[in-house]
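For reference, the chains in residue letters:
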Amino acid sequence: MENYTLKINGESHQVTAEEDMPLLWALRDLLGMKGTKFGCGQALCGACTVLVGGEAMRSCSLPVSAVGDQEVVTIEGLSAKGDHPLQSAWIEHVVPQCGYCQSGQIMNAAALLQRNPNPSDQEIESVMAGNLCRCGTYNRIKEAIKTASSKL
Amino acid sequence: MRPTFPFFKPKEETDSSKIFKPSRRDFLKLSALASGGVFLGISFQCSGPKGEDVIFAPNAYLSIDKDNLITIIAHRSEMGTGIRTSLPMIIADELGADWSKVKIVQADGDEDKYGDQNTDGSYSVRMFYEPMRKAGATARHMLLMAASQKWKVAMDECYAENGMVHHPGSEKSINFGELISDVQKMEIPRSEDVILKPFGDYKLIGKDIPIYDVKDIATGKAVFGADVDLDNMKIAVVSRSPVVGGKVISVNDSAALAVNGVEKIVKIEGAGLPAGLDKPLEGIAVIATNTWAAIKGRNALEIEWDLGENQGYDSVAQLKDMLESTKESGKVRRERGEIEEAVKSTSRTIERTYELPYYAHATIEPPAAVAHFTNGKCEVWAPTQHPQWARGAVASALGIEVADVTMHVTLLGGGFGRKSKPDFVVEAAILSKEMGSPVRVQWTREDDLHHDFYHALSAQRIKASLDGSKNLVAWNHHTVFPAIGATSNPAEVHPSDGELGLGCVDFPYDVPNIRIETHESKAHTRIGWLRSVSNIHHSYAINCMMDEVAEARGVDPINHALELLGEDRNLSFKEELDGDFSNYGESIEEYPWETGRMKAVIQRVAQEAGWGQNLGGNKAMGFACQKSFLTYVACIVVVEKGGDGKIKVSDVHYAVDCGIAVNTDRIRSQFEGGAQFAHGLATSSAITFKNGKVEQHNFDSYQIARMPEAPKRIHVYIVDSMEKPTGVGEPPVPPYAPALANAVYKLTGKRQYKLPFKI
Ligand code: FES
Ligand code: FES
């Protein structure tokens, strides 16, 4: 077991964990931050997406020891009041059905808009290809990303 | 409690609803919800299908407190259909509540209090539309009466809106909350005195109403099964028998116990064979302080299995045998006319076969549940579609009374029928008892795909015969698939009447000679129900065949369907069936099969999609229609060949008649999602077994639709209707795959007889 200091959502957190523990389980089990979801554990579904150093990362496949001093942002920290343009657009379009995949979808979209505030349909599709939604909310996700992008 | 299939057995009929004041005991239990106020329970006067004793069961609660806070209990499980919003919204609309101030509380699983909570079979709105209106109207009646007495004006001069009662004549208004102390002293009005609002007065019903949980979901605060956290909770990950029916011979757990954080190894006794629908599989659980340690511990287990009689099972071989069997005569399940005679004089018979694989549900939230067993009682938190079945299964597994199990229902990260089965909930309960602390059992994606209750693989053969004038005169449909019932009873080797009622024997077309036959097959894994159940394979075969018949007749497929549906009339299949017609648990008199309604959705979708227009060489349309769960759906899929030669679905058009449309936004979202769900079934998903084991492990080998290949635009046309409302969770799925296949044929000239097919 090792001690790690993680910078999450602007705050420092201490965790004691095995070095191979994925960041996902450190967030969920050790820090009680349940907004980031587990869907596949193999970087195949995107449910666990968080920002690490500004990039979208699959936290299920990123060992806690590899995070270092990079800033981690989770759905809980995307905005103070839950009013990030993506979150507002998600609410406006009533994107979620069951909602389980949506934290990951929003975090992945956040990284996309940070890189390119004005993505084309095709870019949205290829960047979001790794985020599965079994309920099939893809078209509303796309619309919501475009709405958020127009408000940036 | 035995499993219930809303689409198989007649449900207890709701004759009328009764509104009552809960007993003091219920009142006390509910008092945590609000700081003193009025509570109304709704009870449904139910009689069994055969008119047995009348029982009363309270089904929902509404409370209004002095601070004007309205609390409505949602007693159905939320898995993405929006039901947690749609039913409370009906009460609120009748009441005249301020919807923005309504609080929704999720009910625990409790049959005595809420009646049947099995959220399945697309029937929540169908079953509860009337009672919910009645509940809201009753409360409104009492509030209006209280206000009118206070103001000494006539009650019918007052109205309720936005949480207030108004009297326009005197320009007086009062908050609901201020009337509560008066209402508390009143008797519940007689049912016949309570008047429902005219439809045009509704402000929520029939509109786009956002789901209650949307902000919590968008901010990561919504609580799903695995999000429940208790003090001192341990996490369990289980290694289950890779073959259904397998048993543990021996375990070497020393490496697992050596993993940092692993605390205990516990054996879960499995049901063996038959596997049953509500029992865990045999397995070894690794219980640890965190999920990662439990996963690592599980991977380090060395288990010797007796894999049992399914260890040689090969699904490819079974499907081949099943297909072969359809060449012979089977058990006749529907018969009309003299098919043998008729076929002799036909000039052409088209014979086609259709093969569909097993499908897994693959909810993005894998099964997970939390249990806390202490002092002979068990408290459970689970994402369950069927809280009462889960409660009963936990009680029987632990050997305690049902009353000693508290079943809290979390949000479900997808259900689709998987989370009706309580096996994972039972695991959590058993492990908590063994561990002496709260336990969360966490399934991984591999566990989910390996140990599902799968949609059955199926083989079908249809022979359609045309006479010399190209009339379709004979329809002979053979279908074979392992029955859901076979999971509990191996003697069930034919599909049940209920499964055949899902899109097979209810073949609605006016063909003079019809024979529908089934063949034997066995279940070598756990068979369950997946969003729209046997409609998936039946609709595929029938709609693809209808397209070929239309072509052979030289008739446009839509005209062909309209022609064969015939005059507007009500169909009843009973007299031609060997067995019962389940009609989704409703009487055929009350919910007839109306050809006119089907024709109307077909005409609507054709018109909206521009059917028949010249699309050029790179585009084509395909059509299919299917009534399922009492909802009429017609679907047109438009495919397009891109510059790269790849075929994509550019548009999907759905026309739907689901009676009164309660929440139009959620109807659309179910169709949007249903198309994506079905797109995966049609083009990429399949579960196969080799040596008794599932060959797919995660989302690399079990593919579902992803955004780039998902249908681009989905248009939903909701027919204006004042018919009784029917469900929309499942009906979008059945017509999609055949409409897609028919479109692909138009574009490429290639028919698709096997799912999934690559486009
Ligand atoms: S859980 Fe990380 S990508 Fe699926
Ligand atoms: S909303 Fe249910 S999985 Fe995406």
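Residues numbered from 1 in each chain as written. Chains lettered and ligands numbered in written order. Predicted model: local features only at pLDDT ≥ 70, side-chain atom pairs only at ≥ 80, totals over all residues. Heavy atoms only, no water.

- If you look chain B up in an unreviewed UniProt entry, it shows as Isoquinoline 1-oxidoreductase beta subunit from Indibacter alkaliphilus.

- Named according to an unreviewed UniProt entry, chain A is Isoquinoline 1-oxidoreductase alpha subunit originating from Indibacter alkaliphilus.

1. Describing the overall build of chain A
Line of reasoning, step 1. Scanning chain A from terminus to terminus reveals five helices and five strands.
Line of reasoning, step 2. Listed by position from the N terminus, the elements making up chain A come as β-β-α-β-β-β-α-α-α-α.
Line of reasoning, step 3. Relative to a compact globule of 152 residues, whose C-alpha radius of gyration would be 15 Å, chain A shows 15 Å and is just as compact.
Line of reasoning, step 4. Counting only C-alpha atoms, chain A reaches 45 × 30 × 25 Å along its principal axes.
Line of reasoning, step 5. Residue burial in chain A is summarised as follows: out of 152 residues, 61% are buried.
Line of reasoning, step 6. Contacts in chain A between residues far apart in sequence, at least 24 positions, make up 57% of those at least 6 positions apart.
Line of reasoning, step 7. Placing the 12 positive and 16 negative side-chain charges of chain A at their respective mean positions leaves the two points 10 Å apart. (Helix = DSSP H or I, 4+ residues; strand = E, 2+ residues; numbered from the N terminus. Rg over C-alpha atoms; globule rule 2.2 N^0.38 Å. Buried < 20%, exposed > 50% of the residue type's maximum accessible area, 1.4 Å probe, protein only. Contact = heavy atoms within 4.5 Å. Lys, Arg positive; Asp, Glu negative; His and termini not counted. Charge placed at Lys NZ, Arg CZ, Asp CG, Glu CD.)

2. Section: the interface of chain B and chain A
Line of reasoning, step 1. Across the contact, 62 residues belong to chain B and 51 residues belong to chain A.
Line of reasoning, step 2. By the criterion of area lost to chain A, the three top residues of chain B are Trp-292, Ile-364 and Met-707 of chain B, representing 17% of everything that side buries.
Line of reasoning, step 3. Counting across the chain B and chain A interface gives eight salt bridges.
Line of reasoning, step 4. A salt bridge links Glu-672 of chain B to Arg-140 of chain A; the nearest nitrogen and oxygen atoms lie 2.8 Å apart.
Line of reasoning, step 5. Counting every contact that joins chain B to chain A gives 26 residue pairs in polar contact (both at pLDDT 80 or more).
Line of reasoning, step 6. Among the elements that make up the side of chain B that touches chain A, the one with the highest residue count is helix 18 (residues 664-683) of chain B (nine residues).
Line of reasoning, step 7. Of the residues belonging to the side of chain B that touches chain A, the class tally is 29 nonpolar, 17 polar and 16 charged. (Buried area = accessible area lost by both parts, 1.4 Å probe. Salt bridge = Lys/Arg side-chain N within 4 Å of Asp/Glu carboxyl O. Polar contact = N/O pair within 3.5 Å; in protein donor to acceptor, adjacent residues only side chain to side chain. Nonpolar A, V, L, I, M, F, W, Y, C, P; charged D, E, K, R; others polar.)

3. Thoughts on the UniProt feature "domain: Aldehyde oxidase/xanthine dehydrogenase a/b hammerhead" (unreviewed entry) in chain B
Line of reasoning, step 1. UniProt records the feature "domain: Aldehyde oxidase/xanthine dehydrogenase a/b hammerhead" (unreviewed entry) for residues 219-309 of chain B in the present numbering.
Line of reasoning, step 2. The span residues 219-309 of chain B is 15% helical and 34% strand by assignment, and the distance between its end C-alpha atoms comes to 49 Å. (UniProt positions renumbered as here; feature names shortened; annotations may be inferred.)

4. Some points on unusual backbone geometry
All names here are of chain B.
Line of reasoning, step 1. In this structure, Pro-274 follows Leu-273 across a cis peptide bond, with omega equal to -5°.
Line of reasoning, step 2. Examined against the element boundaries, Pro-274 turns out to sit in the loop between strand 11 (262-268) and strand 12 (283-288).
Line of reasoning, step 3. Cis rather than trans, the peptide bond between Leu-755 and Pro-756 has omega equal to -10°.
Line of reasoning, step 4. Positive phi values are uncommon outside glycine, yet Asn-375 reaches one of about 50°.
Line of reasoning, step 5. Inspection of the secondary structure assignment puts Asn-375 in the loop between strand 16 (368-374) and strand 17 (377-382).
Line of reasoning, step 6. Look at Val-533: it is not a glycine, yet its phi comes out positive at around 55°.
Line of reasoning, step 7. You can see Val-533 is positioned in the loop between strand 22 (513-518) and helix 15 (535-553).
Line of reasoning, step 8. Looking at Val-533, the relative accessible area reads 3%, which means it is buried.

5. With respect to the domain arrangement of chain B
Residues and elements named next belong to chain B.
Line of reasoning, step 1. Segmentation of chain B into domains returns domain 1 (13-219), domain 2 (225-309 + 367-442) and domain 3 (315-359 + 453-748).
Line of reasoning, step 2. Measuring from the centre of the C-alpha atoms in domain 2 to the corresponding centre in domain 3 gives 37 Å.
Line of reasoning, step 3. Listed per partner, the contact involves 17 residues of domain 2 and 17 residues of domain 3.
Line of reasoning, step 4. Summed over both partners, the interface of domain 2 with domain 3 comes to about 1400 Å²; 66% of that surface belongs to carbon and sulfur atoms.
Line of reasoning, step 5. Three residues, Leu-277, Phe-416 and Lys-421, lead the burial of domain 2 against domain 3; their summed loss comes to 38% of the area buried on that side.
Line of reasoning, step 6. In this assembly, domain 2 and domain 3 are joined by one salt bridge.
Line of reasoning, step 7. In this structure, Asp-423 and Arg-526 form a salt bridge, with 3.2 Å as the shortest nitrogen-oxygen distance.
Line of reasoning, step 8. Put simply, domain 2 and domain 3 have six residue pairs in polar contact (both at pLDDT 80 or more) between them. (Domains from an automatic or database assignment.)

6. Regarding the sheet that holds strand 14 (residues 331-336) of chain B
Sheet strands line up and pair through hydrogen bonds in the backbone, either parallel or antiparallel.
Residue and element names in this part refer to chain B.
Line of reasoning, step 1. The strand order 14-22-21-20-15 describes an open sheet built from five strands, whose pairing is mixed. Two strands close off the open sheet at either side, each with one partner strand: strand 14 and strand 15 (348-356). Averaged over all neighbouring strand pairs, the angle between strand axes comes to 10°, with direction disregarded.
Line of reasoning, step 2. Running at roughly 150° to strand 15, helix 15 makes contact with strand 15, strand 20 (458-466) and strand 21 (472-480) of the sheet. (Pairing = 2+ DSSP bridges. Axes fitted to C-alpha atoms, helices over the stretch in contact; angles between N-to-C directions.)

7. So, the packing of aromatic side chains
Each aromatic ring pair is described using two quantities: the centre-to-centre distance and the angle formed by the ring planes.
Residue and element names in this part refer to chain B.
Line of reasoning, step 1. Counted by the stated rule, this structure contains 18 aromatic pairs over all chains.
Line of reasoning, step 2. Judged by centre distance (6.5 Å) and plane angle (10°), the ring pair of Trp-389 and Trp-529 falls under stacked. Here the residue Trp-389 occupies a position in helix 11 (residues 387-398), and Trp-529 occupies one in the loop between strand 22 and helix 15, the gap between them amounting to 140 residues.
Line of reasoning, step 3. Assessed through its relative accessible area of 0%, Trp-389 is described here as buried.
Line of reasoning, step 4. You can call Trp-529 buried: its relative accessible area is 1%.
Line of reasoning, step 5. The interplanar angle of 65° and the centroid separation of 5.1 Å between the aromatic rings of Phe-573 and Phe-581 together place this pair among those described as edge-to-face. Assigned by exposure class, Phe-573 and Phe-581 land together as buried. (Phe/Tyr/Trp six-rings, centres within 6.5 Å; stacked < 30°, edge-to-face > 60°.)

8. Quick word on the sheet that holds strand 8 (residues 172-175) of chain B
Residues and elements named next belong to chain B.
Line of reasoning, step 1. Pairing within the open sheet is antiparallel, and its three strands lie in the order 6-7-8. Only two strands of the sheet have a single neighbouring strand rather than two, namely strand 6 (159-161) and strand 8. Averaged over all pairs of adjacent strands, the angle between their axes in this sheet comes to 25°, without regard to strand direction.
Line of reasoning, step 2. Looking at chain direction, strand 7 (residues 164-167) and strand 8 are connected through four bridges and run antiparallel. Within the sheet, the bridge partner assigned to His-167 lies in strand 8 and is Lys-172.
Line of reasoning, step 3. Strands in contact with helix 5 (residues 176-184) are strand 6, strand 7 and strand 8; relative to strand 8, the strand with the most contacts, it is inclined by about 75°.

9. Considerations on the packing of helix 2 (residues 85-92) of chain A against helix 3 (residues 102-115) of chain A
All names here are of chain A.
Line of reasoning, step 1. Close contact between helix 2 and helix 3 brings their axes to 10 Å; oriented N to C, the two are set at 130°. Comparing their axes, helix 3 and helix 2 come out oblique. Taken as a pair, helix 2 and helix 3 cross one another with a handedness that is right-handed. From helix 2, Leu-86, Gln-87 and Trp-90 reach across to helix 3, where they touch Gln-102, Gln-105, Ile-106, Ala-109, Ala-110 and Leu-113.
Line of reasoning, step 2. Its residues placed into classes, the contact of helix 2 with helix 3 shows six nonpolar, three polar and no charged. (Parallel < 35°, antiparallel > 145°, perpendicular 65-115°, else oblique. Left-handed = near helix turned anticlockwise from the far one by under 90°.)

10. Digging into the pairing of strand 4 (residues 70-74) of chain B
Residue and element names in this part refer to chain B.
Line of reasoning, step 1. Counting buried residues in strand 4 gives five out of five residues, a clear majority hidden from the surface.
Line of reasoning, step 2. Residues Ile-70, Ile-72 and Ala-74 of strand 4 are buried on one face, and the alternating residues Thr-71 and Ile-73, pointing to the opposite face, are buried as well.
Line of reasoning, step 3. Note that strand 4 and strand 5 (residues 102-106) share five bridges and pair parallel. Looking at the pairing, Thr-71 lines up with Lys-103 of strand 5.
Line of reasoning, step 4. Following the chain from strand 4 across helix 2 (residues 83-95) to the adjacent parallel strand 5, one finds a crossover that is right-handed. (Right-handed = clockwise from strand over helix to strand, strands pointing away.)

11. Details of the domain arrangement of chain A
All names here are of chain A.
Line of reasoning, step 1. Along its sequence, chain A is organised into domain 1 (2-78) and domain 2 (85-151).
Line of reasoning, step 2. Taking only C-alpha atoms, the centre of domain 1 and the centre of domain 2 are 21 Å apart.
Line of reasoning, step 3. Contact residues are listed per partner, giving 18 residues for domain 1 and 14 residues for domain 2.
Line of reasoning, step 4. Summed over both sides, the interface of domain 1 with domain 2 buries roughly 1300 Å², with 58% coming from carbon and sulfur.
Line of reasoning, step 5. Across the contact surface, domain 1 and domain 2 share zero salt bridges.

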